[in-house]
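Reading the structure
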Amino acid sequence: LFLSIGTYSMFFGLPYAAGMVGLILVHETGHALVMKHLRIPFSPMVFVPFVGAAVAMKESPKNVYQEALVAFGGPVLGSLGAGAVCISAHATDSQLCFALADFGFMINLFNMMPLGMLDGGRITSAISPYAGLVGLGMGGGMIYYDVISNPIFYLVMMAGGYQT
């Protein structure tokens, strides 16, 4: 957690870095709360700078419905957290809060892509094993049309292609 804040603060400054990691923490807490509710044991959260964070299940869910619920937990709580920051931004007219709210909404929206190990991929794989092809098409289109040129996204695409 603190390593991520320190690393991001070298590029974005301490206030924005702390807010970014805080919003990622809220997202991962959503997953952990659902796992706790479903009595699925989980590991401590692990934060990796420029990659994100993860909280791993120590046991598999009982069915695909539970898998989808766990996957939904992060984006739901993460979006609520970003919404709270957005309300704060409007109330205080804080540019920092507007930027953090934008980050929070975008990271949760990105995470809902039906691709590989992203939350959207875990959710849609419960619906159809072919849903990953939609995610690969979306990601491939974003790379082809130069919407995203992030090397980490290329790794996500390769992992998604492998899992699909």
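Sequence order sets the numbering: in each chain, residues are counted from 1 along the sequence as written. The model is predicted, so local features are restricted to residues of pLDDT at least 70 and side-chain atom pairs to those at 80 or more, both for listing and for counting; the totals for chains, interfaces and linings are taken over all residues. Side-chain metrics rest on all non-hydrogen atoms present in the structure, leaving aside hydrogens and water.

1. With respect to helix α5 (residues 119-127)
Spacing of three or four residues puts side chains on the same side of an α-helix, whose turn is 3.6 residues. The cut-offs for exposure are 20% and 50% of the maximum accessible area for each residue type, with area from a 1.4 Å probe on protein chains only; residues under the lower value are buried, those over the upper are exposed, and the others partly exposed. Under the scheme used here, helices are H or I runs from DSSP no shorter than 4 residues and strands are E runs no shorter than 2 residues, and both carry numbers assigned from the N terminus. Within α5, burial applies to D119, G120, G121, R122, I123 and T124. Note on contacts: a residue pair is in contact if any heavy atoms of the two residues lie within 4.5 Å. Tucked into the core, α5 has its buried residues touching α2 (14-37), α3 (64-92), α4 (95-111) and α6 (131-144).

2. Points about the confidence of the model for the protein
Caution applies to low-pLDDT parts of the model: their predicted coordinates are not meant to be read in detail. Confidence of the predictor in every single residue is expressed as pLDDT, which spans 0 to 100. Per-residue confidence for the protein averages 92 on the pLDDT scale, and 99% of its residues sit at or above 70. Of all secondary-structure elements in the protein, the lowest mean pLDDT belongs to helix α7 (residues 151-163), at 83, while α2 reaches the highest, 97.

3. What to know about the environment of T29
Summarising the element assignment, T29 is placed in helix α2. Residue T29 is classed as partly exposed on the basis of its relative accessible area, which comes to 24%. Through-space distance from the C-alpha of T29 to that of L155 is 24 Å; in sequence the pair is 126 residues apart. Excluding residues within four positions of it along the chain, T29 makes contact with M45 and L77.

4. Looking at the side chain of N108
Looking at the secondary structure, you find N108 in helix α4. Its relative accessible area of 3% is what places N108 among the buried residues. Beyond its immediate sequence surroundings of up to four residues, N108 is in contact with H27, G74, P75, G78 and S79.

5. Focus on helix α1 (residues 2-12)
Among the residues of α1, those classed as buried are S4, I5, T7 and Y8. Those residues of α1 hidden inside the fold are in contact with α2, β1 (46-48) and β2 (52-54). G13 sits one or two residues past α1 and shows a positive phi near 90°.

6. Remarks on the packing of α2 against α4
Put simply, α2 and α4 touch, their axes get as near as 10 Å, and they point 35° apart. Helix-helix and strand crossings are classified by hand; for α2 and α4 the assignment is right-handed. For the pair formed by α2 and α4, the contact residues are P15, Y16, G19, M20, L23, I24 and H27 on the first element and L96, A99, L100, F103, G104, N108 and N111 on the second. For this scheme, ten residues count as nonpolar: Ala, Val, Leu, Ile, Met, Phe, Trp, Tyr, Cys and Pro. Four count as charged, namely Asp, Glu, Lys and Arg, and the remainder, Gly too, count as polar. When its residues are assigned to classes, the contact of α2 with α4 shows nine nonpolar, five polar and no charged. Whenever a helix is involved, its axis is fitted only over the stretch in contact; in every case the axis is a line through C-alpha atoms, and angles between N-to-C directions fall within 0 to 180 degrees. Less than a right angle of anticlockwise turn of the near helix away from the far helix marks a crossing as left-handed, whereas a clockwise turn marks it as right-handed.

7. Here's the deal with a nonpolar patch on the surface
The patches described consist of residues with a relative accessible area above 30% and no salt bridge, like charges being joined within 9 Å and nonpolar side chains (Val, Leu, Ile, Met, Phe, Trp, Tyr) within 5 Å. Where accessible areas are quoted, they stem from the Shrake-Rupley method and a 1.4 Å probe; at the residue level, only the protein chains shown are allowed to cover. What makes a salt bridge here is a side-chain nitrogen of Lys or Arg within 4 Å of a carboxyl oxygen of Asp or Glu, nothing more. On the surface, a nonpolar cluster with roughly 480 Å² of combined accessible area is contributed by M10, F11, F12 and F50. Mapped onto the elements of the fold, F11 is located in helix α1. F11 sits in the exposed class, given a relative accessible area of 57%.

8. So, the packing of aromatic side chains
Any two rings among Phe, Tyr and Trp, with Trp reduced to its six-membered ring, count as a pair given centres within 6.5 Å; such a pair is stacked if its planes are under 30 degrees apart, edge-to-face if over 60, and tilted if neither. Inspection of every chain in the model, using the stated rule, returns eight aromatic pairs. Ring geometry for Y144 versus Y145: centroids 5.0 Å apart, planes at 85°, classification edge-to-face. Through a chain of ring-to-ring contacts, the aromatic side chains of Y8, F11, F12, Y16, F50 and F103 assemble into a single cluster.

9. Looking at the pattern of salt bridges
Under the defined criterion, the tally for this structure stands at two salt bridges. Put simply, E67 and R122 hold a salt bridge, and the shortest N to O gap is 2.9 Å. With E67 in helix α3 and R122 in helix α5, the pair connects residues that are 55 residues apart, well separated along the chain. A salt bridge links D119 to R122; its shortest N-O distance comes to 3.5 Å.

10. Quick notes on the nonpolar core
Residues M20, V85, L100 and F103 are the most contacted members of the largest nonpolar core, which totals 15 residues. Among the secondary structure elements, those contributing two or more residues to this core are α1, α2, α3 and α4. Among all residues touching F103, those that are not within four sequence positions of it are Y16, M20, L23 and I24. Residue types Ala, Val, Leu, Ile, Met, Phe, Trp, Tyr and Cys, when buried and joined through side-chain atoms within 4.5 Å, form a set referred to as a nonpolar core.

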